[in-house]
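Chain by chain, the residues:
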Amino acid sequence: MSSKKGTGSVSGNKDSISKRLGVKRYAGEKVTIGNILVRQKGNKFYAGVGTKQGNDFTIFSMTEGKVEFKKKLGKKQICVV
């Protein structure tokens, strides 16, 4: 007989809490000041006209208007016009 108890797969089967990242407002949607447009880790999207970027790379609107996605120099930008 074995002197050690067999370990099951349960001990390493824990999953992390999802961070709810991604695009929150899509192109053409109306936004107000302070609305979060994208939650991201790193710069997948860059802040354009009418938007700013927070310390955690969250992009939010600074003006009221409609959301636009553009490409500038090969980088995806989010603007509020």
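Source: prediction; values computed, not measured.

> Describe in detail the pairing of strand β7 (residues 65-72), supporting the description with residues and values.
In the sheet, strand β2 (residues 30-31) pairs with β7 via two bridges, with the strands oriented antiparallel. Note on β7: the bridge partner recorded for V31 is G65. In this structure, β7 lies alongside strand β8 (residues 75-80), joined through six bridges in antiparallel fashion. What sits directly across from K72, in β8, is K75. In this structure, the hairpin formed by β7 and β8 is closed by a connection of two residues, where L73 is found at a positive phi of approximately 55°.

> Go over the environment of Q77 with me, naming the residues and quoting the values.
If you trace the backbone, Q77 turns up in strand β8. Residues Q77 and T63, spaced 14 residues apart in sequence, show a C-alpha to C-alpha distance of 16 Å. Excluding anything up to four places from it in sequence, Q77 contacts Y46, A47, G48, E68, F69, K70 and K72.

> So, the packing of aromatic side chains: which residues are in play, and what are the values?
Counted under the stated rule, the structure contains one aromatic pair. Ring centres 5.8 Å apart and planes at 70° place the aromatic pair F45 and F69 in the edge-to-face group. Taken together, the residues span a long stretch of sequence, with F45 in the loop between β3 (36-39) and β4 (46-47) and F69 in strand β7 at a distance of 24 residues. Taking the relative accessible area as the measure of exposure, F45 reaches 10% and is therefore buried. Sitting above the plane of the Y46 ring, K75 keeps its charged end 5.1 Å from the centroid.

Parameters and conventions
Just so you know, the residues in each chain are numbered from 1, in the order the chain's sequence is written. Two thresholds apply to this predicted model, a pLDDT of at least 70 for residue-level local features and 80 or more for giving and counting side-chain atom pairs, whereas whole-chain, interface and lining totals are computed over all residues. Hydrogens and waters are ignored; side-chain quantities use all the structure's heavy atoms. Strands are treated as partners if at least two bridges between them are detected by DSSP. Runs of E in the DSSP output that reach at least two residues are strands. Runs of H or I that reach at least four are helices, and both are numbered from the N terminus. Every residue pair with non-hydrogen atoms within 4.5 Å of one another is taken to be in contact. Aromatic rings from Phe, Tyr and Trp, with only the six-membered ring used for Trp, were paired whenever their centres fell within 6.5 Å, and each pair was classed as stacked if the ring planes differed by under 30 degrees, edge-to-face if by over 60, and tilted otherwise. Buried, partly exposed and exposed residues are distinguished by accessible area as a fraction of the type maximum, computed with a 1.4 Å probe on protein chains only: under 20%, between the cut-offs, and over 50%, respectively. Here, a charge over a ring is recorded when the distance from Lys NZ or Arg CZ to the ring centre is within 6 Å and its angle to the ring normal is within 35 degrees.

Coordinates in, geometry out; function isn't part of it.
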